[in-house]
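# Analysis of the macromolecular model
Spelled out from the first residue to the last, the chains are:
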Amino acid sequence: MIIRSVHLENFRNYGRLDLDVGPSVNIFYGDNAQGKTNLVEGIYVASSIASHRTSKDSDLIKFGENEYKASLDLSDEGALTSLSSCYYTEKSVLSKNNRTGRILTRDNAPVDKISEYIGICNIVIFAPEDLNIVKNAPAFRRKFLNTLISKVSPSYFNLLTNYSKLLSQKNALLKSIRISDSMPALVNEQLNFWDYSLADLSAEIILKRYRFAKLISDTASKHHSSISGGKEKLSIEYSTVFGVVGALETFLNKNGKYDEYMSKGLSGTDYGRIKGILSDLVLAKLKSVRNYDIDKHISSVGIQRDDIVIKLDGLVMKTFSSQGQQRTAALALKLSELEIIKMFVSSTPILILDDVFSELDKARRMSLVSAMKDAQIFITCTDKDMIGEEIDVMQGAGKAAFYRVNGGIIEAET
Ligand SMILES: Nc1ncnc2c1ncn2[C@@H]1O[C@H](COP(=O)(O)OP(=O)(O)O)[C@@H](O)[C@H]1O
Ligand SMILES: [Mg+2]
């Protein structure tokens, strides 16, 4: 799959952009604050809906406007298709009943579910924000894990959506009730129902997360050791509701199912059994904190608090690592994302490198580009003369195309 052209309307500092791009390496250069990142963000959003920079869709709308549209014309081995993602605020003429909304289309026909849209064109983006995965709050690591799994497994995205809907309903109830000796039976019954459903969904989500966290650990540590010369060992551990990981590992080991689970996931009765074990554990945990949660008006336990703990030689990186070590780890994690997507999806993902070269030394730059041969690539930088050698390594059959970005206007070099 490659992008043939990009179309943006009222996206960040672009009023309207219609740009044909090359099949190989595309380099966007220009001064700061001209719209280089905005452009690649637009490309990413058109394929993946969520931005790599913000979780607020309204940030993406050009100041003063009420809707944006980001579209891509694609070619999949010659077969043409187009994707378009539009988001509007309550003030937009597109809005119904004063609500915000999203319109996704493929070849101008509506796509109802996000899960059916995000796997169509896979893009992996490398950006300075990747550092957040290593050094920032668990939410950044969950986003990394969720994005990766959703790209290879649309059903996972649906599980997450269902889980967060139920959780916000439960949280709304928790906010409205006060603990007392005479808590209405109805409230308890409602909480029982939600906890049961949440535990059921949790078990399925956990089964995906544990497996992908392991895959990330294996592939990222390999990339890490080749970037850093094998001096330090990177590892990733999935952290979830207490006792769950132990129960899952025991089940896999006792039944000799580890390899099957890692390679294709469990199915049939094995899946049913382990799902039952995990959901029972989560349910018991939810019940044990119920009074506390009612008292505090929160959901204190659950997979919404999961994390992947990134360690270097056994030390938690978030707390004990230098900037340089964090950069290397972030790069290894993103290379692992690329490798895992390639494992599960037949076509090579499209790559975006937003301003990443300037932050990396020569050795890291080279390990990055050597993983990127033959892909369609979008690169942003301030100085195009600084990346000649990297472009040579990345270039497959095609020729690099250069574009100058200046105040929301893009000119192709001829
Ligand atoms: N929603 C928006 N509407 C209009 N302009 C925006 C919006 N968001 C960011 N900008 C502008 O875009 C510029 C930054 O563009 P960016 O692509 O991040 O720069 P760079 O070329 O350095 O990557 C800033 O001038 C900022 O004010
Ligand atoms: Mg930028």
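Residues numbered from 1 in each chain as written. Chains lettered and ligands numbered in written order. Predicted model: local features only at pLDDT ≥ 70, side-chain atom pairs only at ≥ 80, totals over all residues.

## Thoughts on the overall build of the protein
For the protein, the count of helices and strands is 13 helices and 15 strands. Relative to its length of 414 residues, the protein is compact, with a C-alpha radius of gyration of 23 Å against a globular reference of 22 Å. Each principal axis of the C-alpha distribution contributes one length, and for the protein these read about 75 × 55 × 40 Å. Within the protein, contacts between residues at least 6 apart in sequence are counted, and of these 72% link residues at least 24 apart. (Helix = DSSP H or I, 4+ residues; strand = E, 2+ residues; numbered from the N terminus. Rg over C-alpha atoms; globule rule 2.2 N^0.38 Å. Contact = placed C-beta atoms within 7 Å.)

## Quick notes on the pairing of strand β5 (residues 79–88)
Alignment of strand β4 (residues 67–76) against β5, held across 10 bridges, turns out to be antiparallel. Bridging across to β5, Lys69 finds its partner in Cys86. Between β4 and β5, which pair antiparallel in sequence order, lie two residues; one of them, Glu77, sits at a positive phi of approximately 50 degrees. One ladder, built from six bridges, connects β5 with strand β6 (residues 101–106); its direction is antiparallel. Residue pairing across strands places Cys86 opposite Ile103, the latter belonging to β6. (Pairing = 2+ DSSP bridges.)

## Some thoughts on the environment of Lys399
Mapped onto the elements, Lys399 comes out in the loop between α13 (388–394) and β14 (401–406). Judged by C-beta crowding, with 11 C-beta atoms within 10 Å, Lys399 ranks as exposed. Residues Lys399 and Pro23, 376 residues apart in the sequence, show an inter-C-alpha distance of 8.3 Å. (Buried ≥ 20, exposed ≤ 12 C-beta atoms within 10 Å, placed from the backbone.)

## Structural notes on unusual backbone geometry
Outside of glycine, negative phi angles account for most residues, and trans bonds account for most peptide bonds. Backbone geometry at Asn98 places phi at a positive 55 degrees, although glycine is not the residue there. Here Asn98 shows up in the loop between β5 and β6. Here the phi dihedral of Asn108 falls at roughly 65 degrees; this positive angle occurs in a residue that is not glycine. Among the secondary structure elements, Asn108 is positioned in the loop between β6 and β7 (109–110).

## Some words on the nonpolar core
Membership of the largest hydrophobic core comes to 102 residues, with the highest contact counts inside it found for Ile43, Ala329 and Ile352. Three or more residues apiece are contributed to this core by two domains, here domain 1 (2–122 + 347–412) and domain 2 (144–305). In this structure, Ile43 is in contact with Ile3, Val6, Leu72, Ile123, Ile352 and Phe378, ignoring residues within four places of it in sequence. (Core = buried A, V, L, I, M, F, W, Y, C linked by C-beta atoms within 7 Å. Domains from an automatic or database assignment.)

## Looking at the site of ligand 1
In the vicinity of ligand 1, 15 residues are found, and the nearest of them are Asn13, Ala33, Lys36, Thr37 and Asn38. Among the elements that take part in the shell around ligand 1, helix α1 (residues 36–48) stands out by supplying three residues, more than any other. Residues that form the shell around ligand 1 fall into these classes: four nonpolar, seven polar and four charged. (Near = placed C-beta within 6 Å. Nonpolar A, V, L, I, M, F, W, Y, C, P; charged D, E, K, R; others polar.)

## Some details on the sheet that holds strand β8 (residues 123–126)
As summarised here, the arrangement of the six strands in space is β8-β12-β13-β3-β14-β15, forming an open sheet in which the pairing is mixed. Sheet topology places β8 and β15 (409–412) at the edges, where each strand pairs with a single neighbour. Put simply, the sheet's adjacent strands are angled 20 degrees from each other on average, direction ignored. As paired strands, strand β3 (residues 25–29) and β14 are joined by four bridges and run parallel to one another. Note on β14: the bridge partner recorded for Phe28 is Tyr403. (Axes fitted to C-alpha atoms, helices over the stretch in contact; angles between N-to-C directions.)

## Looking at the environment of Ser58
Note that Ser58 resides in the loop between α1 and β4. Along the backbone, Ser58 and Val93 are 35 residues apart, and their C-alpha atoms lie at a distance of 15 Å.

## Regarding the pairing of strand β1 (residues 2–11)
Counting buried positions along β1 gives seven out of 10 residues, so the element sits mostly inside the fold. Pairing of β1 with β4 involves seven bridges; the strand directions are antiparallel. In the strand pairing of β4, Ile2 is matched with Ser75. What sits between the antiparallel neighbours β1 and strand β2 (residues 14–20) is a turn of two residues, in which Arg12 has the positive phi angle 50 degrees.

## Focus on α1
Here α1 is 13 residues long and its end C-alpha atoms lie 18 Å apart, about the 18 Å a rise of 1.5 Å per residue gives. Of all 13 residues in α1, 13 are buried, a share of seventy percent or more. Downstream of α1 by a residue or two, Ile49 has a phi angle that is positive, lying close to 70 degrees. (Expected span 1.5 Å × (residues − 1).)

## So, the domain arrangement of the protein
Under the domain assignment, the protein is made up of domain 1 (2–122 + 347–412) and domain 2 (144–305). Inter-centroid distance (C-alpha atoms) of domain 1 to domain 2 is 32 Å. At the interface, eight residues of domain 1 touch seven residues of domain 2. No other element matches helix α2 (residues 114–117), which puts three residues into the side of domain 1 that touches domain 2.

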